[in-house]
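Here is what each chain is made of, one letter per residue.
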Amino acid sequence: MPACPRCDGPTGEKWIDISVPLRNGMVHWPGDPRFEIHRVKDMEGGDSANLSSIAMGAHSGTHVDAPLHFIRGGASVDAMPLDVATGRARVVAILDNARITPEELRETALRREERILFKTANSGRVWKTDSFLEDFVSISTEAAEVLARSGVRLIGVDYLSVGGFGGGGSDVHRVLLEAGIWIVEGLNLRGVEPGEYELVCLPLRLEGAEGAPARAILRPV
Ligand SMILES: [Zn+2]
């Protein structure tokens, strides 16, 4: 089939959806509000249209963390420059099954202003269940410090937090956000090969909020 010139990349590559579906019963961070959607008007029940109501934490599924998430007076998500999460991005494979470490980052040769998405063992397992998995691969504080010094602009991870569960997660967030790095969490990079891509990721324009759900898509460049 010929490539659609409007939808596909210059060489016909398709967009890949790397966001997770929002639905009742989906996984959420322990203690955060669960995602809920229900019909308040239903044509099956005689209404003239279908209409849904949603309730959710701002960090449900695929979402962006703004500096305000961990920094008093930090920028809110609606202040994110539009070009932060749109443009060239690199998907980097992480082999360590527990942590993203400074040693592994050293091999990736981080570049200033780069957008980096970490594909870890999470992508192959965590989205298969609606239960929260405590042992997901996360960024170590030491690796966060390496990222902070590297001058990267945005990082993305393939589960619900950059930091691990049960301690240390706040430090990892703080180190990254204080360095001016924008964070995308809750990506599904299953089936995405490491390499160079074009990224489009736009969080909802929630005024004054510390984070917002986002749709994120990639295509090879
Ligand atoms: Zn978050």
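The structure presented is a predicted model; accordingly, all values stated were derived computationally and were not measured. Within each chain, residue numbers correspond to sequence positions counted from 1 in written order. With the structure being a predicted model, the display of local features is reserved for residues of pLDDT at least 70 and the display and counting of side-chain atom pairs for 80 or more, all residues being used for whole-chain, interface and lining totals. Side-chain calculation: all heavy atoms of the structure are included, whereas hydrogens and water are not.

A. Region of the structure containing helix α3 (residues 169-178). Burial in α3 covers these residues: Gly 169, Val 172, His 173, Val 175, Leu 176 and Leu 177. By definition in these notes, contact holds between two residues if any of their heavy atoms fall within 4.5 Å. Secondary structure counts use DSSP, requiring at least four H or I residues in a row for a helix and at least two E residues in a row for a strand, with both numbered from the N terminus. In this structure, the buried residues of α3 make contact with β4 (63-65), β8 (138-139), α2 (141-150), β9 (154-156) and β10 (182-185). Of the residues one or two after α3, Gly 180 is the one with positive phi, at around 80°. Think of it in three bands: residues with accessible area under 20% of the maximum for their type are buried, residues over 50% are exposed, and the middle band is partly exposed, with areas taken using a 1.4 Å probe on protein chains only.

B. Structural detail: the confidence of the model for the protein chain. The pLDDT value expresses, per residue, how confident the predictor is, ranging between 0 and 100. With 95% of its residues at a pLDDT of at least 70, the protein chain reaches an overall mean of 94. Predicted confidence is poor over residues 1-7, with pLDDT under 50, and the contacts of this stretch with residues over four places away or in other chains come to four contacts.

C. Layout of the coordination of the zinc ion. As a rule, N, O and S atoms within 2.8 Å of a metal are its donors, except that Na, K and Ca use 3.2 Å; water is not among the atoms, so sites may look incomplete. Around the zinc ion, the donor atoms from the protein are His 59 (ND1), His 63 (NE2), Asp 65 (OD) and Glu 185 (OE), and they sit 2.0 to 2.3 Å away. For a four-donor site, all angles between 85 and 135 degrees give tetrahedral; for four or six donors, opposite pairs above 155 degrees with the remaining angles between 65 and 115 give square planar or octahedral; all remaining cases count as irregular. Of note is the zinc ion, whose four donor atoms meet at the metal with angles of 74 to 167° in an arrangement that counts as irregular. Mapping the donors of the zinc ion onto the primary sequence yields the spacing H-x3-H-x1-D-x119-E. A residue is classified by how much of its surface remains accessible, and His 59, at 13% relative accessible area, is buried. For His 63, a relative accessible area of 0% translates into the label buried.

D. Region of interest: the packing of aromatic side chains. By convention, a stacked pair of Phe, Tyr or Trp rings (six-membered ring in the case of Trp) has centres within 6.5 Å and planes under 30 degrees apart, an edge-to-face pair has planes over 60 apart, and any other such pair is tilted. Tallied over the full model, the rule gives eight aromatic pairs. With 5.7 Å between their ring centres and 25° between their planes, Phe 132 and Tyr 159 make a pair best called stacked. Here the residue Phe 132 occupies a position in the loop between β7 (115-119) and β8, and Tyr 159 occupies one in the loop between β9 and α3, the gap between them amounting to 27 residues. Tyr 159 matches Phe 132 in its accessibility class, with the two residues each being buried. Taken together through their ring pairs, the aromatic side chains of Trp 29, Trp 127, Phe 132, Phe 136, Tyr 159 and Phe 165 make up a single cluster.

E. Structural context of the pattern of salt bridges. Note on definitions: salt bridges are taken to be side-chain nitrogens of Lys or Arg within 4 Å of carboxyl oxygens of Asp or Glu. Considering all chains together, one arrives at twelve salt bridges under this definition. Linking Arg 90 and Glu 114 is a salt bridge whose minimum nitrogen-to-oxygen distance equals 2.5 Å. Taken together, the residues span a long stretch of sequence, with Arg 90 in strand β5 (residues 86-93) and Glu 114 in the loop between α1 (102-108) and β7 at a distance of 24 residues. Neither residue differs from the other here; Arg 90 and Glu 114 are each classed as buried. Of the charged contacts, one joins Arg 111 and Glu 114 as a salt bridge, the two residues approaching to 3.0 Å between their closest N and O atoms.

F. Spatial organisation of a negative patch on the surface. Excluding any residue in a salt bridge, patches collect residues exceeding 30% relative accessible area, merging like charges within 9 Å and nonpolar Val, Leu, Ile, Met, Phe, Trp and Tyr side chains within 5 Å. The Shrake-Rupley method, run with a 1.4 Å probe sphere, supplies the accessible areas, and residue values consider only the shown protein chains as cover. Charged-residue counts in this description rest on Lys and Arg as positive and Asp and Glu as negative, His and the chain ends being excluded. Every charge is mapped to an atom, namely NZ of Lys, CZ of Arg, CG of Asp or CD of Glu. Taken together, the side chains of Glu 103, Glu 107, Glu 142 and Glu 145 present a region of like negative charge at the surface. Where the negative patch is concerned, the elements lending two or more residues are α1 and α2. By the element assignment, Glu 145 lies in helix α2.

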